Amino acid sequence: MSEHELRVSKIRDGTVIDHVEGGQALNVLAILGIDGSEGFGVSVGMNVPSDRLGRKDIVKVEERELSQSEVDVLSLIAPEATINIVRDFEVVEKNRVTRPDSVTGVLSCPNRNCITNANEPVDTRFDVVADGVRCDYCSTILRADIADHIDV
């Protein structure tokens, strides 16, 4: 296969999530709530060569654009990702994800003694810090295992 051959075909309309760290594509699909029953065309490339990342994943979702809250959660597990909006086979918008200052209601706290795990009517809230996220209630820090605690 030459460098210029496409591994996955272009999409007419939808979103391409590129430059996802290798091995995270399935977590991206989970964040987006995509399990195949929605009827969207979905293409996934995993561990494909990348000049910038070494290895990367790519997710293409036809007929769907992401909300800002979905992009915010994606930024936690794919801080180098780019979000490309495609219309009529052309990229009309291209943005790099930016990590928000905080996320609410999308992660579960691993601290079983945290108030968010006590059946109280409170949403989880995490501050985004340099090396992960910190629970706003109990200060527990999540680092490498953020994807395991996504609760959307």
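The name given to the protein in an unreviewed UniProt entry is Aspartate carbamoyltransferase regulatory chain, with the source organism recorded as Halorubrum lipolyticum DSM 21995. Under the heading Function (unreviewed entry), UniProt records this for the protein: "Involved in allosteric regulation of aspartate carbamoyltransferase." What the UniProt record of the protein gives under Subunit (unreviewed entry) is the line "Contains catalytic and regulatory chains."

Peer 1: So what exactly am I meant to see when it comes to the UniProt feature "binding site: Zn(2+)" (unreviewed entry) in the protein here?
Peer 2: Those places that UniProt annotates as "binding site: Zn(2+)" (unreviewed entry) correspond, in this numbering, to C109, C114, C135 and C138. Annotated residues spanning 30 residues; largest pairwise C-alpha distance 8.8 Å, indicating a single compact cluster. Relative to the helices and strands, C109 resides in the loop between strand 6 (102-104) and strand 7 (125-129). In contact with C109, not counting residues within four places along its chain, are C114, T116, N117, T124, F126, C135, C138 and T140.

Peer 1: Can you help me understand the pairing of strand 4 (residues 82-87) in this one?
Peer 2: Consecutive side chains along a regular strand alternate between the two faces of the sheet. For strand 4, a buried count of five out of six residues is recorded, marking the element as mostly surrounded by other parts of the structure. Two strands pair when backbone bridges link them, and strand 1 (residues 14-21) and strand 4 are joined in this way by five bridges, in the antiparallel orientation. In the strand pairing of strand 4, T15 is matched with I85. In this sheet, strand 5 (residues 90-96) lies alongside strand 4 in antiparallel orientation, the contact comprising six bridges.

Rules of the game
Residues numbered from 1 in each chain as written. Predicted model: local features only at pLDDT ≥ 70, side-chain atom pairs only at ≥ 80, totals over all residues. Heavy atoms only, no water. UniProt positions renumbered as here; feature names shortened; annotations may be inferred. Helix = DSSP H or I, 4+ residues; strand = E, 2+ residues; numbered from the N terminus. Contact = heavy atoms within 4.5 Å. Buried < 20%, exposed > 50% of the residue type's maximum accessible area, 1.4 Å probe, protein only. Pairing = 2+ DSSP bridges.

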